[in-house]
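Coordinates in review
In case you want the letters, here they are:
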2 protein chains.
Amino acid sequence: MNHYGIGIDVGGTTIKLGIFDETGILYHEATIKTRAEQQGAFILTDIADAVQRSIKDSGIDQVKIIGIGIGIPGPVDALGVVSECVNLGWKQTAVTASLEAATGLPCLAENDANVAALGEVWKGGGAGYHNMVMMTLGTGVGGGIILQDHIQSGAHHAGGELGHIKVHLDETEVCGCGKKGCLEQYASASGIVRMAKNALQQYPASRLAKMTTFTCKDVFDAMEQQDELAAIVVSKVNTYLAHACATISCVCDPEVFVIGGGVSLAGAALLTGIQEQFQTFCFPSAAKTEFKLAVLGNQAGIYGAVKLVFDRLL
Amino acid sequence: MNHYGIGIDVGGTTIKLGIFDETGILYHEATIKTRAEQQGAFILTDIADAVQRSIKDSGIDQVKIIGIGIGIPGPVDALGVVSECVNLGWKQTAVTASLEAATGLPCLAENDANVAALGEVWKGGGAGYHNMVMMTLGTGVGGGIILQDHIQSGAHHAGGELGHIKVHLDETEVCGCGKKGCLEQYASASGIVRMAKNALQQYPASRLAKMTTFTCKDVFDAMEQQDELAAIVVSKVNTYLAHACATISCVCDPEVFVIGGGVSLAGAALLTGIQEQFQTFCFPSAAKTEFKLAVLGNQAGIYGAVKLVFDRLL
């Protein structure tokens, strides 16, 4: 008999849901809006409704569905309880217990960054590897650590918080976490824009200096067109990322780094830049560590969430 | 029936051996010299002889001994083969296969730093914890990562190479690994002496400036006596260590850091210094991470080596 599972990725704006079989084939996909109003009181019932509707729409026999995996944008404890989740408006919420009661299906919950990493190592950029570090360069910098096929989320939910690795001890501006010099301040989309803005006065001839406002993509585009300021900023981004990756290798030494998130749309240029700089910093035995781009995009979460189910309930 | 195992720690000068029961009671201990001559050709036969002699001397019934665990000062692959070990004079050596043939007992091998970490988490400074990072501050800086009770040695034997975390990107002197700015250049015994020497000219009144040569212990002793140079050096050591620990927390987020090695004999002063500085750097959710001193000293290796046996063969 084929086994099926449901993977759910809860974001601040939308909630994605997918029904998969154990080989990773996606049979049905749905997206609903995240209703964060009234402290997110509707979110779990909305999800339970979407689960029932999706099962029906998919035509899959409900008895073949063995469980639900769910990724949450915040820390989740071993019992599936979230103590607080700002993006969803939640105070303490027993996610898995509520969903199990509402759907009759076993439910497993994990932090969304870890779940996305699990998705990428199952069916994405890390497929075929057992030890992978995923780094997601988006608005912030997130991460997930997979060692021997399992998520390592740490003792205080700080595991995989790669955006808060300190890479610059002399930074004067404060990071969102309250500390200074975090990787996120340089290698996130907003960090890249910040660095470029800070350097505008030094490079008045830069095409970026002529724009009233610009994005991270503009910085990479300018670099492609030989803009000196943009080239210097991107080189710094590569250096900070390579430094962080070399440090991560000295701790858990993955086979592969998978780079995802909006910034990774810069593609091969970014990957090559990091990989070259990595050789400057890495412990010699880690020199052959591979670098790949993430491939699942915003589906990584539903792949990883359902993999929780197949890993733990099959 | 009680189960017994043999733990062996192979060092460049001596080889330690202990016979333990599964609860961690040490029944018999022996030390032999490491004969590194002739490419270490005698080492494994010397060990096999010591095993036979120790079993006899201990009076324990041989059938109750379930296996041998051995820590090697270099990388060991999953099949128990060492590709090269400079300290022992070894070229490619099938450690476990040779010892199994010579003793008739199953044998498991691991890198010595990882094995020492496993010893400390079993019966030492990390006892009672499941997720521990051990940092050994000796001639160099070594480490071992224990997550969910298991050694994480990484994909290229770089896991736990904590001495080569880059903490200073502007360093001009080269580390033993060939790169620059490694933690080992500041927080090892030799690194501490190096930093003090580099600062002598600036602090001619320091008591260290009056000594023809001095050790790491002299630096800590001078600090206790309010020597300005020594205080500055020790403060830097604490900062570098705290920075590295904060970074490690962002990757694998242990419950506890256990600090061992000769430098850790500085004791509570060192521990308090690191812990205070850690608060400056750490991701907020990791703020409660604990810091402890290692307690097993040079017995950590035999404890950890025998734990491999009980973990994998019982």
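Keep in mind that this is a model prediction, so the values were computed, not measured.

Across its full length, chain A holds ten helices and twelve strands. Here the C-alpha radius of gyration of chain A, 20 Å, is about what a compact globule of 314 residues would show, namely 20 Å. The C-alpha extent of chain A, read off along each of the three principal axes, is 65 × 45 × 35 Å. Sorting the 314 residues of chain A into buried and exposed places 56% on the buried side.

With that settled, the discussion passes to the sheet that holds strand β2 (residues 14-21) of chain A. Residue and element names in this part refer to chain A. Across the sheet, which stays open at both edges, the five strands sit in the order β3-β2-β1-β4-β7 with mixed pairing between neighbours. Both outer strands of the open sheet, β3 (26-33) and β7 (107-111), are each paired with one neighbouring strand and no more. The mean inter-strand angle of the sheet, taken between neighbouring strand axes irrespective of direction, is 15 degrees. Of the pairings in the sheet, the one linking β2 to β3 comprises seven bridges and is antiparallel in character. By the bridge assignment, I19 is partnered in β3 with H28. On the sheet, helix α3 (residues 95-103) packs against β4 (65-72) and β7 and is oriented at approximately 150 degrees with respect to β7.

For the pair chain A and chain B, the superposition axis carries a translation of 0.0 Å, the fit reaches an RMSD of 0.0 Å, and the rotation angle comes to 180 degrees. A rotation of that kind, with that shift, is consistent with a two-fold axis. Interface overlap between copies: 100% of the residues of chain A at the interface are likewise at the interface in chain B, consistent with a symmetric, same-surface contact.

Another aspect to go through is unusual backbone geometry. All names here are of chain A. A positive phi angle, close to 50 degrees, is found at Q38, a residue other than glycine. As for its placement among the helices and strands, Q38 is situated in helix α1 (residues 37-40). You can call Q38 exposed: its relative accessible area is 60%.

This brings us to the packing of aromatic side chains. Residues and elements named next belong to chain A. Evaluation of the coordinates by the stated rule reveals 16 aromatic pairs over all chains. With a centroid separation of 6.1 Å and 65 degrees between ring planes, the pair formed by F257 and F278 is classed as edge-to-face. Note that F257 is positioned in strand β11 (residues 256-260) and F278 in helix α9 (residues 268-281), a separation of 21 residues in sequence. Each of the two residues, F257 as well as F278, counts as buried. Relative to F291, the ring of F257 has its centre 5.2 Å away and its plane inclined at 20 degrees; by these criteria the two rings are stacked. Residue F257 is found in strand β11, and its partner F291 is found in strand β12 (residues 290-293); the two are separated by 34 residues along the sequence. Counting every residue linked through ring pairs, the aromatic cluster contains F20, W122, Y303 and F310.

Below, the discussion takes up the environment of I55(B). All names here are of chain B. Secondary-structure assignment places I55 in helix α2 (residues 43-58). Since its relative accessible area comes to 4%, I55 is described here as buried. Sequence separation of I55 and A300 is 245 residues, and the distance between their C-alpha atoms is 21 Å. Excluding residues within four positions of it along the chain, I55 makes contact with I6, I19, I60, Q62, I65 and L105.

Attention now moves to the environment of G142(A). All names here are of chain A. Along the chain, G142 falls in strand β9 (residues 141-147). Taking relative accessible area as the criterion, G142 reaches 21% and is therefore assigned partly exposed. Residues G142 and A113, 29 residues apart in the sequence, show an inter-C-alpha distance of 6.5 Å.

At the junction of the two partners, chain A supplies 42 residues and chain B supplies 42 residues. Each partner contributes to the roughly 3400 Å² buried at the junction of chain A and chain B, and carbon and sulfur atoms together form 60% of this total. Taken together, chain A and chain B are joined by 24 residue pairs in polar contact (both at pLDDT 80 or more). For the side of chain A that touches chain B, the secondary-structure elements that each account for two or more residues are β9, α8 (228-251) and α9 of chain A. A total of six residues in the side of chain A that touches chain B trace back to one element, the largest contributor, which is α8(A). Tallied by class, residues from the side of chain A that touches chain B come to 20 nonpolar, 16 polar and six charged.

Let us now look at the environment of L147(A). Mapped onto the elements of the fold, L147(A) is located in strand β9. For the pair L147(A) and Y129(A), spaced 18 residues apart in sequence, the C-alpha separation works out to 9.5 Å. Setting aside anything within four residues of it in sequence, one finds L147(A) in contact with H130(A), N131(A), Q152(A), C252(A), L147(B) and Q152(B).

Looking now at the pattern of salt bridges. Two side chains of opposite charge can pair, provided their charged atoms sit close to one another. Residues and elements named next belong to chain B. Counted by the stated rule, this structure contains 15 salt bridges over all chains. With a closest N to O distance of 3.5 Å, R194 and E171 form a salt bridge. Placement of R194 in helix α6 (residues 189-199) and of E171 in the loop between β10 (150-151) and α5 (184-187) is noted, with a sequence separation of 23 residues between them. Exposure class is identical for R194 and E171. Each is buried.

With that out of the way, let us pick up the sheet that holds strand β7 (residues 107-111) of chain B. All names here are of chain B. Strand order in the open sheet formed by five strands is β3-β2-β1-β4-β7, and the pairing between neighbours is mixed. Every interior strand has two partners, whereas the edge strands, β3 (26-33) and β7, have only one. Recorded for the sheet is a direction-independent mean angle of 15 degrees between the axes of neighbouring strands. The strands touched by helix α4 (residues 112-123) within the sheet are β1 (4-10), β2 (14-21), β4 (65-72) and β7, with β7 carrying the most contacts at an inclination of about 100 degrees.

Ranked by size, the top nonpolar core spans 112 residues in total, and within it M135(A) and M135(B) carry the most contacts. Looking at which element gives the most residues to this core, the answer is helix α8 (residues 228-252) of chain B, with 15 residues. Residues contacting M135(B), with those up to four places away along its chain left out, are V141(B), G142(B), G143(B), L162(B), L183(B), L241(B), A244(B), C245(B), I248(B), V258(B), I259(B) and G260(B).

A few words now on the pairing of β7(A). Residues and elements named next belong to chain A. Within β7, five of the five residues are buried, which leaves the element mostly enclosed by the surrounding structure. Two strands pair when backbone bridges link them, and β4 and β7 are joined in this way by five bridges, in the parallel orientation. Residue pairing across strands places G69 opposite L108, the latter belonging to β7.

This next bit is on the pairing of β9(A). Residue and element names in this part refer to chain A. Most of β9 sits inside the fold, with six of its seven residues counted as buried. Two elements, strand β8 (residues 132-137) and β9, share six bridges in a ladder whose sense is antiparallel. Across the sheet, residue V133 finds its bridge partner in β9, namely I145. Between β8 and β9, which follow one another and run antiparallel, lie three residues. Pairing of β9 with strand β10 (residues 150-151), which is carried by two bridges, proceeds in the antiparallel orientation. Bridging across to β10, L147 finds its partner in H150. If you look at the hairpin formed by β9 and β10, you'll find two residues sitting between the two strands, and Q148 has a positive phi there, around 50 degrees.

Parameters at a glance
- Each chain has its residues counted from 1, running along the sequence as written.
- To label them, take the chains in the order written and letter them from A, then take the ligands in the order written and number them from 1.
- Whole-chain, interface and lining totals are the exception, using all residues; otherwise, since this is a predicted model, local features are given only for residues with pLDDT of at least 70 and side-chain atom pairs are given and counted only at 80 or more.
- Where side-chain values are given, they derive from all heavy atoms of the structure, hydrogens and water being excluded.
- The helix and strand labels rest on DSSP assignments: H or I over at least four residues marks a helix, E over at least two residues marks a strand, and numbering proceeds from the N terminus.
- We compute the radius of gyration over the C-alpha atoms and compare it with the globule rule, which gives 2.2 Å times the number of residues raised to the power 0.38.
- For each residue, the accessible area found with a 1.4 Å probe, counting protein chains only, is set against the maximum for its type, and the residue is called buried under 20%, exposed over 50%, and partly exposed in between.
- Here, any two strands with at least 2 DSSP bridges between them count as paired.
- What counts as an axis is a line fitted to C-alpha atoms, over the stretch in contact for a helix, and the angles between N-to-C directions run from 0 to 180 degrees.
- Here, two residues are considered to be in contact whenever any of their heavy atoms come within 4.5 Å of each other.
- Least-squares superposition aligns the copies on the C-alpha atoms of those residues with pLDDT at or above 70 in both.
- Within 6.5 Å between ring centres, the rings of Phe, Tyr and Trp (the latter by its six-membered ring) count as paired, and their orientation is classed by plane angle as stacked under 30 degrees, edge-to-face over 60, tilted in between.
- Accessible-area loss on putting two parts together, using a 1.4 Å probe and summing over both, is the definition of buried area adopted here.
- Under the rule applied, a polar contact is a pair of N or O atoms within 3.5 Å (in protein, one hydrogen donor and one hydrogen acceptor; residues adjacent in sequence only if both atoms are side-chain atoms).
- Residue polarity is assigned by list, with Asp, Glu, Lys and Arg as charged and Ala, Val, Leu, Ile, Met, Phe, Trp, Tyr, Cys and Pro as nonpolar; anything else, Gly included, falls into the polar class.
- Here, a salt bridge means any Lys or Arg side-chain nitrogen found within 4 Å of an Asp or Glu carboxyl oxygen.
- Residues grouped as a nonpolar core are buried Ala, Val, Leu, Ile, Met, Phe, Trp, Tyr and Cys residues, joined through side-chain atoms within 4.5 Å.

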